[in-house]
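Observations on chain architecture
One-letter residues, chain by chain:
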Amino acid sequence: MSEINFIAALLMGLAGSGHCVAMCGGIAGSFQLASKDLNAVGAASAYNIGRLFSYTLAGALVGGLSAAFAKQSNILSQVLSLFSAVFMVLVGLYVMRLFNALGPVEKAGQWALWRHIVKLNRYLMPINTYPKALGYGALWGWLPCGLVYSALTWAITSQSAINGALFMLCFALGTLPAMLALGLGAQFIKRGLNHPWVRLALGNLLLWYGLYSLIVASQPLLT
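For every chain, the first residue of the written sequence is number 1, and numbering continues from 1 along that sequence. Per-residue local features of the predicted model are confined to residues with pLDDT of at least 70, and side-chain atom pairs are confined, for both listing and counting, to 80 or more; whole-chain, interface and lining totals are unaffected and use all residues. Note: side-chain values were computed over all heavy atoms of the structure, leaving out hydrogens and water.

1. Observations concerning the side chain of N48
Structurally, the position occupied by N48 is in helix α3 (residues 40–70). Within 3.5 Å is the distance limit for a polar contact, defined as a pair of N or O atoms, with the added protein rule that one can donate a hydrogen and the other accept it, and that residues adjacent in sequence qualify only through two side-chain atoms. Polar contacts involving the side chain of N48 include one to the side chain of R51, which spans 2.9 Å. Setting aside anything within four residues of it in sequence, one finds N48 in contact with L176, M179 and L180. Going along the chain from the N terminus, every DSSP run of H or I of four or more residues is numbered as a helix, and every run of E of two or more is numbered as a strand. Contacts are residue-level and defined by heavy atoms, with any inter-residue pair within 4.5 Å sufficient.

2. A short note on the nonpolar core
M12, V148, F167, M168 and F171 are the most contacted members of the largest nonpolar core, which totals 21 residues. Listed by contribution, the elements that provide at least two residues to this core are α1 (3–15), α3, α4 (74–95), α7 (146–156) and α8 (161–183). Sequence-distant contacts of M168, defined by excluding residues within four places in its chain, comprise Y55, T56, G59, V148, A151, L152 and A155. One finds I117, L124, I127 and A133 within the second-largest nonpolar core, a separate group that totals 14 residues. Nonpolar core, defined: a set of buried Ala, Val, Leu, Ile, Met, Phe, Trp, Tyr and Cys residues in which side-chain atoms within 4.5 Å join the residues together. Buried means the residue's accessible area, taken with a 1.4 Å probe over protein chains only, is under 20% of the maximum for its type, while exposed means over 50%, and partly exposed covers the values in between.

3. Details of the environment of L211
With respect to the helices, strands and loops of the structure, L211 is situated in helix α10 (residues 196–222). Through-space distance from the C-alpha of L211 to that of L82 is 9.9 Å; in sequence the pair is 129 residues apart.

4. So, the packing of aromatic side chains
Any pair of Phe, Tyr and Trp rings, taking the six-membered ring for Trp, is counted once the centres come within 6.5 Å. Such a pair is stacked with planes under 30 degrees apart, edge-to-face with planes over 60 apart, and tilted for the rest. The final tally for this structure, using the stated rule, is three aromatic pairs. Ring centres 6.5 Å apart and planes at 45 degrees place the aromatic pair Y47 and Y136 in the tilted group. With a gap of 89 residues between them, Y47 in helix α3 and Y136 in helix α6 (residues 130–140) connect regions that are remote in the sequence. A single burial state applies to Y47 and to Y136, both of which are buried. Measuring from centroid to centroid gives 5.8 Å for Y55 and F171, while their planes differ by 50 degrees, and the two rings are tilted. With Y55 in helix α3 and F171 in helix α8, this pair connects stretches of sequence that are 116 residues apart. Of the two residues, Y55 and F171, neither departs from the other in class, the shared state being buried. Among the aromatic residues, those joined into a ring-pair cluster are Y47, Y136 and W140.

5. Some points on the confidence of the model for the protein chain
Looking at the protein chain as a whole, the pLDDT averages 75, with 68% of positions reaching at least 70. Mean pLDDT across the elements of the protein chain bottoms out in helix α9 (residues 188–193) (56) and peaks in α6 (89). As a per-residue quantity, pLDDT reports the predictor's confidence and falls between 0 and 100.

Shown next as structure tokens:
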């Protein structure tokens, strides 16, 4: 997997931070009101480390599984590349608020996976220790999120578990500034990332990179 894909992952995470804030902002912000036994900075950091761990693990899983299948079918590998390029275009359109294709994907994930995972919440409440904050972040890393699923489509094409993990780690690091800032009460990053011109610029980068990847991925199938 090329370095430019890892940069794209970081950019996707940064551009989609507004979506992350909407999905997990209430949780991240709650660490300002952490129990007297916890420091807000430490609690927010533990939560985000847990979240990064889950994203990285998911990337390793899909990257490893797809690599095993792709070895048996070159056509499957090309189809997966096309699939991930389409999702990159959709994320670019979503970031620019031109088209929301992520909602149905999130609903499907909620029905298939999240309704079972969320039951583990009861073992982590109240969040009065750092290990609980870490576990809570790891748990919420599996929250149905169209943006995360879009990133995972790229991890699928990474050709190995390690590359898949690294791709999702870069994506998670892109979301980190806004999530940490929100957890510590800073709102200016959230406002900046949601500014129309910022969203337009970041969305265009993702859109055109997705279109470029779509053209590259489709060439072997057309020849």
